[in-house]
Every structure is written in structure tokens, then in C-alpha cells.
Amino acid sequence: MWQRLGRFILQYRVILLVVLAAMTGFMAYHASHVQLSYDFSRAIPIDNPKYKEYQEFKKKFGEDGNLLVLGIKTDKLFDAGLFNDYARLQNDLKKQYGVEDVIGVPGSMNLAKDSVSEKLKADTIFPNRELTQEEINTGKAVFLNLPFYKYLLYNPDSSVWMMGVRIRKDLMASKARIGIVHSIDKIADKFGAKYNLVVHKSGLPQIRTELTERSVKEMRGFIIASVILSAFILLVFFRSFSTMLLSLTVVAMGVVWSFATIEMMGYKISILNALIPPLIIVIGIPNCIYFLNKFHTAYNETGNKKESLVTMVDRMGVVTLFCNLAAAIGFGVFAFTQSQILKEFGIVAGLNIFALFFISLIFIPGVLSFLPAPKSRHTKYLESPGLNRVLDRLERWSLNHRKLIYIVTVAVVAVSIAGAARLKTLGFIVDDLPKSDRIYTDLRFFESNFKGVMPLEIVVDTKKKTGVTRILNNLERIDSLSQFLNTLPDIARPLSITDGLKFARQAFFDGDSSSYSMPSEFDLPALIQYLNFKGDTSSSKNSLAKLATTFMDSDRQKARISVSMKDVGSKRLPEILDTIRGRVNQLFDTAKYNVQLTGTSVTFLEGSRYIINGLKDSIMWAFVLIALCMLYLFRSARILICSLIPNIIPLLITAGIMGWTGILLKPSTVLVFSVALGIAIDVTIRFLVNYKQELPRTNYDMKQTVIETIHSTGISIIYTSLVLIAGFIIFCFSGFDGTKALGWLTSLTLVTATLTNLVLLPAILISFVKMKK
């Protein structure tokens with residue numbers, strides 16, 4: 001079959017190459033329209049209850065993750081020069097496109113009782129103009145007398161001041177967000193440079209923008225580095241520019257097809273699927289090496305270029321098909337997970353890795369048929385004395401030291417299992433950033449001074465219209481929950497409608513800070529006439545009215561408690577949520593109230609759980625599907641077992657090293673196992689297929705067949721393993737710790753897989769497999 005296919009490809013090579021070029025042109029058109037993803041919460045299935053609750057929250061109250069915060073540390077904020085420039089900073093930020101509002105000390109408001117109109121009037125503490133030192137001092141006294149702003153806009157214990165920039169929610173998931181964040185950064189840094197102050201920047205808009213830009217920049221860098229490295233290795237191996245260009249064209253088509261697949265399926269480039277193009281290059285080059293290696297070997301034997309090309313397709317077609325299929329399965333199993341971002345990664349990677357087989361099968365023999373026959377310098381690598389000495393040594397080990405190989409293998413596996421038992425699962429929102437990274441250090445700055453910036457939202461549904469404000473008891477319950485939240489070490493000061501009522505009560509009692517507390521049932525009748533929740537044409541300018549609309553729905557049935565918290569990780573966060581839920585159940589009767597915990601922190605936890613569980617499941621799926629492929633290919637249960645052993649052991653060794661060195665199981669590190677299994681099994685398939693092909697030629701002499709197989713496939717296996725290892729090592733230069741881990745852990749797994757397939761697998765075949773004639 002494969003021989004006939006080889007002749008067919010050569011006979012209709014022009015038509016096939018034209019069709020392939022036309023398809024690639026079509027793909028290039030779609031690839032040119034691919035877009036970046038600016039969404040941060042696609043790890044959760046859309047039918048997940050937590051996802052639905054979060055979407056319902058955003059529909060009612062708006063985006064929770066659109067606040068970018070700026071922080072400075074100084075004890076001279078109220079000096080005239082610095083304060084006036086700080087006020088100008090706030091005004092300049094307000095003028096920027098996409099900025100909805102800016103909250104800071106210069107724009108802070110105060111409430112005052114107007115006995116004539118019997119309403120609370122809101123006015124700025126600091127007039128919006130150039131202020132004298134005396135005016136600033138007067139405003140300072142008023143501002144510091146308002147508990148409402150304490151630990152919200154400033155930390156009196158550390159002299160840290162915070163300014164919040166709220167970005168329009170409709171622009172948060174668009175390209176415009178990058179420009180908005182850049183303009184904010186530029187203005188803030190200019191202010192900081194003038195006074196030699198470090199302006200710390202954080203919040204989800206800042207973090208998301210930085211991560212998106214870095215992932216795209218790295219994707220481009222990795223593609224360029226992969227191409228350069230592959231070109232260098234191909235030149236060293238084959239000593240031919242035409243061969244190098246041939247191989248690079250194959251992977252270039254694969255990259256174009258991968259971008260096109262992302263666009264055609266309605267996906268966008270995310271932090272995860274940005275890894276696919278460089279992976280296509282790394283995986284595609286071995287395809288080319290195996291085809292070319294077999295072509296050169298056949299040509300050395302026959303001296304006939306056409307017959308050598310047919311032999312290449314005949315001998316390597318089925319091998320490359322199943323190798324690409326196994327690699328595609330290694331990635332494609334992510335499509336079975338419930339995480340949307342993993343599904344996209346799995347579908348795109350799996351389809352395009354498999355497509356690489358067809359691209360290689362048509363393009364390589366078709367183009368080689370037009371090129372001159374290889375010269376002796378192009379095939380000189382086949383006679384490499386150094387590599388042949390290595391293969392001779394591997395041969396002696398497999399034949400003469402099998403007992404020692406088994407003892408060492410069992411010992412290594414035992415140590416690895418003990419290490420794997422120490423593995424722990426833990427993830428953070430900014431998990432993959434180095435501890436010295438500016439994003440990480442700025443986040444920790446806000447966590448140490450304001451207990452964090454990660455949004456957590458609590459929605460209290462009273463199940464009755466006007467249930468929030470009509471019943472004082474409900475407000476007291478909300479305030480009691482807020483006070484409880486304020487005692488938790490990892491949660492910042494909460495903000496809810498009750499804080500507005502406390503602010504109003506202080507204003508009602510002539511600004512006395514000791515009156516900043518919840519109105520009692522005796523205060524409320526006198527205070528209620530001053531509270532303006534509706535019916536006032538000036539309500540759009542009234543801070544209390546704004547607070548009411550932000551923290552209650554239009555029916556006043558649902559109230560929102562908004563808090564920020566530390567990035568505590570996927571282990572600590574459930575404990576905090578359980579603690580909060582326990583207090584909620586004490587305060588609110590579940591039959592009368594419905595209280596939901598939502599926000600970005602909750603969706604992160606749910607998404608992280610889905611990703612980790614999905615990746616674990618994908619490893620099992622990969623084993624099952626690859627095992628079925630191997631069973632179909634070799635039709636032997638013994639060969640199936642022999643093929644899996646050399647690939648399970650490298651995964652166990654990697655897991656053991658992770659456990660002993662304290663590397664955590666998280667989305668970026670669990671990804672290694674399925675990817676490495678899908679790639680490493682290629683070596684096994686190539687070895688066993690060649691072993692099966694060599695058996696009749698050696699009259700089913702097991703030892704001689706193993707020797708021939710080691711020498712006939714060993715060089716190409718070592719070369720392709722070096723290409724793969726070098727390709728994944730490129731990822732070690734990433735700015736993300738997770739991508740670094742993917743690089744060096746996958747490289748480690750491939751090194752051990754190469755050793756087990758060239759040392760342990762031959763030993764097992766000689767010891768336990770008896771082939772029938």
C-alpha cells in the first residue's frame with residue numbers, strides 16, 4: 001500500500017504540490033485575520049454554575065475586574081508641590097480614553113448636612129484647582145477625619161496612598177485595553193520620575209495586559225528561535241541548504257495552518273495556544289529528519305533517486321503516520337477536558353500536528369524529486385564514527401548487561417514513585433511569574449499595604465423588592481458580615497451600602513468621626529429624609545446615590561459586598577471561602593436569603609480546578625488512545641506492554657524529580673506529561689516498526705534483529721531527540737516560570753525516554769518477546 005502511495009505521489013507530484021500550495025495560500029489568508037484573546041476567565045465551561053453566577057453578577061453590577069490601582073509610598077503627600085501634581089495626575093488620568101472614573105485623595109468627597117433642603121450634600125474636600133499649603137492642610141484635616149477612606153485610599157501605618165482607575169467594562173476584553181493601560185502607565189511613571197517615587201501598578205487590567213503582551217512577544221521570539229535553531233541543526237546534519245530550506249518550508253506551512261485553524265474555528269490567540277506555532281516547528285522538524293534519513297539510507301544502497309523516494313514513503317509512511325497520530329493524541333486529549341482554553345489548545349494542536357504528516361508526505365518526496373541526487377557530503381552523517389561507537393555501546397549493554405539494566409530501572413522507579421508521592425497541587429493567579437518580576441512585586445506591595453487587589457464579590461439576595469433598605473435587620477446582617485470579613489488576614493476592607501450609611505450618619509452628626517457607625521432604629525427615622533436613593537434629579541451627582549446604585553440592584557432586592565484579597569493560591573482560597581460561607585450561614589437563613597460568593601477570585605479557583613483535573617484526565621486518555629494505536633499497529637499484547645514501559649518510566653522519573661525538588665503541580669507543569677508522552681512514544685514506534693520490518697530479513701533471529709534495529713534507527717532517533725530536546729530548551733528562556741518548566745521538564749522526559757527506548761526496550765525485546773515466523 002505505502003509503496004503504491006509513494007509511486008502515486010511521484011507520478012502526480014505537480015498536481016499535489018499545486019493543491020498543497022493553494023491550500024496553504026487559503027490558510028495564510030485566514031491566518032492573517034487571527035486575533036488576540038483579551039479574556040481572562042475562559043478556563044470554566046459556560047454551563048458551570050460558578051460561571052453562570054459570575055455572568056449574572058456582571059450583568060447586575062458590572063465588571064468586577066476593571067480597576068487598575070496605582071500606589072506610592074511617601075509621608076509628604078500633602079506638601080503643596082507634590083499634592084498639586086498628584087491632583088493633576090488624577091485629572092490627567094480622567095481625560096484618557098477608556099477611563100470611566102478615577103478615585104483618589106485629591107478627588108475625595110465629603111458629605112454635609114443641609115438643614116434647609118434636608119438633604120446630604122456631597123462636595124469635594126480639595127477644590128479642583130491649584131491649592132495653597134494652607135488650603136491643603138485644611139482639606140487634609142477633613143480627609144483624615146473620615147474613616148470611610150481609611151485603608152481604602154490610604155494606609156496610615158505605612159504612609160502608602162492608592163489611586164484607583166476604573167476602565168470602561170466594554171473595553172476590558174478588547175484590543176483598546178492595551179493602549180489604555182499603556183497611557184496610564186506613561187502618565188503615572190512621568191509623575192513618579194518627577195518626585196523620584198516608585199509608582200506601583202497592579203489590578204487585573206494591568207496584570208492581564210502585561211501577560212497578554214508578553215505571551216505574544218514570546219510566541220514571536222520562540223518562532224524565530226525555533227527556526228534559527230532548526231536551520232542550524234539541519235545544516236550540521238545534512239550539510240545542504242536545499243535540505244534545510246525544504247524542512248523549514250514544511251514547518252512554515254504547519255505554522256500557517258495552525259494560525260489559520262485558530263481563526264477558522266472562531267478562537268483567538270491566548271497565553272496557552274500561543275505555544276502551538278513553536279511546538280509545530282519543534283515537532284515538524286523530526287518528521288523531515290526521519291524522511292530524509294531514510295531517503296539517504298536507501299539512496300546509498302540503490303543509487304536510484306526515484307526508487308529511494310518510493311522506499312522512503314514505503315518504509316517511513318506508516319511510521320510517521322502513527323508517530324504524528326500519537327503526538328496529536330498527546331495534545332488532542334485536552335479537547336476532552338471541560339476547560340474551554342484547554343479544549344481550544346487540544347483541538348488546534350492535535351489537528352495541526354496530524355496535518356503535518358500529510359504536508360510532509362506530499363511536500364518532501366515531491367520536492368526531492370525535482371532536486372539533484374544527494375552528494376556524498378550530504379550522507380556523510382550516516383557513517384558518523386562517534387555515533388556508531390555510541391550505538392555499539394548501547395548494543396553491548398542490551399545484549400550483555402540486561403540484569404543490571406533491570407536492577408537500575410527498578411531502583412530508579414522506586415525512588416521516582418517516592419518522589420511522586422510528595423507532589424502537591426497549588427496554583428496562583430500570577431503563578432508563573434518570577435518572584436523578582438515587576439508585576440509580582442507590585443502585587444505584593446498592595447497585598448502588604450491593602451491586603452491585595454484580587455476581586456471577591458458577595459451578593460446577598462433578600463428575595464424581596466426593597467428588601468435591602470426596607471428592613472433594618474438586613475442592613476445589620478450585611479454590616480455584620482462586612483465586619484467579619486474585615487477581621488480576616490487575607491482580605492482587604494470590604495465596601496458595601498452600609499459603609500455609605502455610616503458615612504451618612506457621620507455627616508448627619510456634623511462630621512464627628514465617632515459617629516461613623518450603622519444607624520440604629522432610633523437614628524434611621526431622622527436620617528431617612530436625608531438619604532436620597534431615588535426621586536432627586538441631582539442624584540447622579542450625589543456620592544451616596546452613586547454608592548447605592550453600585551452596591552444595590554435597581555429593585556433594592558440584592559446587595560453587593562465588594563472586597564479585594566491577596567492572591568492566596570488554590571489551596572488557601574477554598575479555606576477562606578468556606579470560612580466566609582460558615583459565617584454567611586450563621587447570619588442568613590438559607591430559606592429566606594440566597595447569598596452567592598463570586599468574582600474573579602472564585603472563577604480563578606474553579607478554573608484552576610477544571611484545568612488540573614482535566615490535565616490529569618487527559619493523561620489517562622492519552623495512555624488509552626495511544627495504547628489502542630500501538631495494539632492496532634503491532635497486533636500483539638506483549639509488544640504493547642513493551643512499548644508502554646519505556647514511556648511510563650520517563651514520566652515517573654519526571655514526576656519524582658518534581659516531587660523531590662518541590663515543584664508544584666499546576667496547569668503549566670501537569671501539561672508536561674501528556675505532551676511528553678505523545679512525543680516520546682514516537683521513538684518507540686519508530687524503533688518497533690523497524691524491528692518488525694527487520695525480523696524477516698534476519699530469519700527471526702531476535703538478537704540480530706535488535707542489533708540491526710539499533711544501528712538502522714539509532715542515528716535518526718538520536719538526531720531527532722536532540723532536535724526535540726533543543727527545541728523545548730528554548731522555552732527555558734521564557735519570562736513565565738510555567739513555560740520554563742514546560743521546557744526543561746519536557747526536555748528531561750525526552751532525554752530519559754531516548755535512553756529507555758535505546759537501552760531498556762531492546763533488553764526487554766530480547767528477554768521477553770518471542771516472535772513467530
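Source: prediction; values computed, not measured.

1. Some points on the overall build of the chain
So, point 1. Regarding its fold elements, the chain presents 25 helices and ten strands.
So, point 2. For the chain, the share of sequence-separated contacts (at least 6 apart) that also reach a separation of at least 24 residues comes to 79%.
So, point 3. When the accessible surface of the chain is totalled, it reaches about 32,500 Å², and 59% of it is carbon and sulfur.
So, point 4. Mean positive and mean negative side-chain charge positions of the chain (87 and 62 charges, respectively) differ by 9 Å.

2. A short note on the sheet that holds strand 8 (residues 454–461)
Two modes of strand pairing occur in sheets, parallel and antiparallel, and in both the strands are linked by backbone hydrogen bonds.
So, point 1. Judged by pairing direction, the sheet is antiparallel, and its three strands sit side by side in the order 9-8-10 without closing on themselves. On the outer flanks of this sheet lie strand 9 (558–565) and strand 10 (594–598), each paired with one strand and no other. Pairwise comparison of adjacent strand axes, ignoring direction, gives a mean angle of 15° for this sheet.
So, point 2. Relative to strand 10, strand 8 runs antiparallel, the two being bridged by five bridges.

3. Topic: the packing of aromatic side chains
So, point 1. Scanning the model with the defined rule gives 26 aromatic pairs in all.
So, point 2. An angle of 50° between the planes, with centres 5.7 Å apart, marks the rings of Phe191 and Tyr195 as tilted.
So, point 3. On the accessibility criterion, Phe191 (7% relative accessible area) is buried.
So, point 4. Between the NZ or CZ atom of Arg13 and the centre of the ring of Phe370, over which it lies, the distance is 4.3 Å.
So, point 5. One Lys or Arg, Arg560, reaches over the ring of Phe551 and ends 5.3 Å from the middle of that ring.

4. Side note on the state of the cysteines
So, point 1. A complete count under the given rule lists zero disulfides for this structure.
So, point 2. We note that Cys642 lacks a disulfide partner, and the nearest cysteine sulfur, in Cys323, lies 17 Å from it.
So, point 3. A relative accessible area of 5% places Cys642 in the buried class.

5. Quick look at helix 24 (residues 702–729)
So, point 1. In the structure, helix 24 departs most strongly from a straight axis at Thr713, where the bend amounts to approximately 45°.
So, point 2. With 21 of its 28 residues buried, helix 24 lies for the most part within the structure.

6. Things to note about the packing of helix 12 (residues 385–400) against helix 13 (residues 402–420)
So, point 1. At a minimum axis separation of 5 Å, helix 12 and helix 13 run at an interaxial angle of 90°. With respect to helix 13, the element helix 12 is oriented roughly perpendicular. Together, Trp397, Ser398, Leu399 and Asn400 of helix 12 and Arg402, Leu404 and Ile405 of helix 13 make up the contact between the two elements.
So, point 2. Counted by class, the contact of helix 12 with helix 13 contains four nonpolar, two polar and one charged residues.

7. With respect to helix 21 (residues 600–634)
So, point 1. Taking 1.5 Å of rise per residue, 35 residues should cover 51 Å, and helix 21 covers 49 Å from first to last C-alpha, within 8% of that figure.
So, point 2. At the exit of helix 21 stands Arg635, carrying a positive phi of roughly 55°.

8. Structural notes on the pattern of salt bridges
So, point 1. All told, the structure shown has 18 salt bridges when counted by the stated rule.
So, point 2. The salt bridge involving Arg168 is made with Asp170; its shortest N-O contact spans 2.7 Å.
So, point 3. Lys502 is the salt-bridge partner of Asp479, the closest N and O atoms lying 2.7 Å from each other. Linking Asp479 in helix 16 (residues 472–487) with Lys502 in helix 17 (residues 497–508), this pair joins segments that are 23 residues apart in sequence. Like Asp479, the residue Lys502 is buried in the burial classification.

9. Observations concerning the confidence of the model for the chain
Interpretation of this model should avoid reading the predicted coordinates in detail wherever pLDDT is low.
So, point 1. Averaged over every residue, the pLDDT of the chain is 84; residues scoring 70 or more account for 94%.
So, point 2. In this model, residues 533–544 is a region of pLDDT below 50 whose contacts with residues beyond four sequence positions or in other chains number 19 contacts.

10. Topic: the nonpolar core
So, point 1. Formed by 150 residues in total, the largest nonpolar core has its most connected members in Phe331, Ile685 and Leu765.
So, point 2. Ranked by residues supplied to this core, first place goes to helix 23 (residues 667–694) with 16 residues.
So, point 3. Other than its neighbours up to four places away in sequence, Leu765 contacts Ile639, Cys642, Phe687, Leu688, Tyr691, Met702 and Val706.
So, point 4. Membership of the second largest hydrophobic core comes to 97 residues, among which are Leu82, Ala507, Val563 and Leu573.

11. Structural notes on the pairing of strand 1 (residues 67–73)
So, point 1. Of all the seven residues making up strand 1, five are buried; the element is thus mostly covered by neighbouring parts of the structure.
So, point 2. Bridging between strand 1 and strand 6 (residues 160–167) involves seven bridges; their strand directions are antiparallel. Note that in strand 6 the partner of Val69 across the bridge is Gly164.
So, point 3. Pairing analysis gives three bridges linking strand 1 to strand 7 (residues 200–202), with the strands arranged antiparallel. Bridging across to strand 7, Gly71 finds its partner in His200.

12. Considering the environment of Leu371
So, point 1. Residue placement: Leu371 occurs in the loop between helix 11 (340–368) and helix 12.
So, point 2. Considering only alpha carbons, one finds Leu371 and Thr654, 283 residues apart in sequence, at a separation of 43 Å.
So, point 3. Those residues in contact with Leu371, other than ones at most four positions away along the chain, are Ser242 and Lys305.

13. A short note on a nonpolar patch on the surface
So, point 1. There is a patch of nonpolar side chains on the surface, built from Phe8, Tyr12, Ile15, Val19 and Met23 and spanning about 460 Å² of accessible area.
So, point 2. The leading source of residues in the nonpolar patch is helix 2 (residues 13–31), at three residues.
So, point 3. Within the element layout of this structure, Met23 appears in helix 2.
So, point 4. Since its relative accessible area comes to 40%, Met23 is described here as partly exposed.

14. Quick look at the side chain of Thr746
So, point 1. Looking at where Thr746 falls in the secondary structure, it is placed in helix 25 (residues 737–768).
So, point 2. Look at Thr746 and you get buried, because its relative accessible area is 0%.
So, point 3. Every residue in contact with Thr746, bar those within four places of it in the chain, is listed here: Val672, Ala676, Phe728 and Ala741.

15. Quick look at the environment of Asn110
So, point 1. One can find Asn110 in strand 3 (residues 109–114).
So, point 2. For Asn110, a relative accessible area of 22% gives the class partly exposed.
So, point 3. Between the alpha carbons of Asn110 and Pro650 there is a distance of 66 Å; along the sequence they are 540 residues apart.
So, point 4. Each residue touching Asn110, except ones within four places of it in the same chain, is listed here: Lys121, Ala122, Asp123, Ile125, Val142, Leu146 and Phe503.

16. Details of unusual backbone geometry
So, point 1. If you check the backbone angles, Thr466 has positive phi at about 60° while not being a glycine.
So, point 2. Assignment of secondary structure puts Thr466 in the loop between strand 8 and helix 15 (467–470).

17. Regarding the side chain of Lys294
So, point 1. With respect to the helices and strands, the residue Lys294 is situated in helix 9 (residues 276–302).
So, point 2. Leaving out residues up to four positions away in the same chain, Lys294 has contacts with Thr311, Met312, Arg315, Met316 and Asn690.

18. Topic: the packing of helix 12 against helix 25
So, point 1. Between helix 12 and helix 25, the least distance of the axes is 8 Å, while the angle of their chain directions is 40°. On the basis of the axis angle, helix 12 is oblique to helix 25. Along this stretch, helix 12 crosses helix 25, giving a crossing that reads as right-handed. Between helix 12 and helix 25, the residues in contact are Leu394, Ser398 and Leu399 and Leu758, Val759, Pro762, Ala763 and Ile766, respectively.
So, point 2. Considering only residue class, the contact of helix 12 with helix 25 consists of seven nonpolar, one polar and no charged.

Calculation notes
- Residues numbered from 1 in each chain as written.
- Predicted model: local features only at pLDDT ≥ 70, side-chain atom pairs only at ≥ 80, totals over all residues.
- Heavy atoms only, no water.
- Helix = DSSP H or I, 4+ residues; strand = E, 2+ residues; numbered from the N terminus.
- Contact = heavy atoms within 4.5 Å.
- Areas by Shrake-Rupley, 256 points an atom, 1.4 Å probe, with all protein chains shown as cover.
- Lys, Arg positive; Asp, Glu negative; His and termini not counted.
- Charge placed at Lys NZ, Arg CZ, Asp CG, Glu CD.
- Pairing = 2+ DSSP bridges.
- Axes fitted to C-alpha atoms, helices over the stretch in contact; angles between N-to-C directions.
- Phe/Tyr/Trp six-rings, centres within 6.5 Å; stacked < 30°, edge-to-face > 60°.
- Buried < 20%, exposed > 50% of the residue type's maximum accessible area, 1.4 Å probe, protein only.
- Lys NZ or Arg CZ within 6 Å of the ring centre and 35° of its normal.
- Disulfide = S-S within 2.5 Å.
- Bend = angle between axes of the 7 residues up to and from the residue.
- Parallel < 35°, antiparallel > 145°, perpendicular 65-115°, else oblique.
- Nonpolar A, V, L, I, M, F, W, Y, C, P; charged D, E, K, R; others polar.
- Expected span 1.5 Å × (residues − 1).
- Salt bridge = Lys/Arg side-chain N within 4 Å of Asp/Glu carboxyl O.
- pLDDT = per-residue confidence, 0-100.
- Core = buried A, V, L, I, M, F, W, Y, C linked by side-chain atoms within 4.5 Å.
- Patch = residues over 30% accessible without salt bridge, like charges linked within 9 Å, V, L, I, M, F, W, Y side chains within 5 Å.
- Left-handed = near helix turned anticlockwise from the far one by under 90°.

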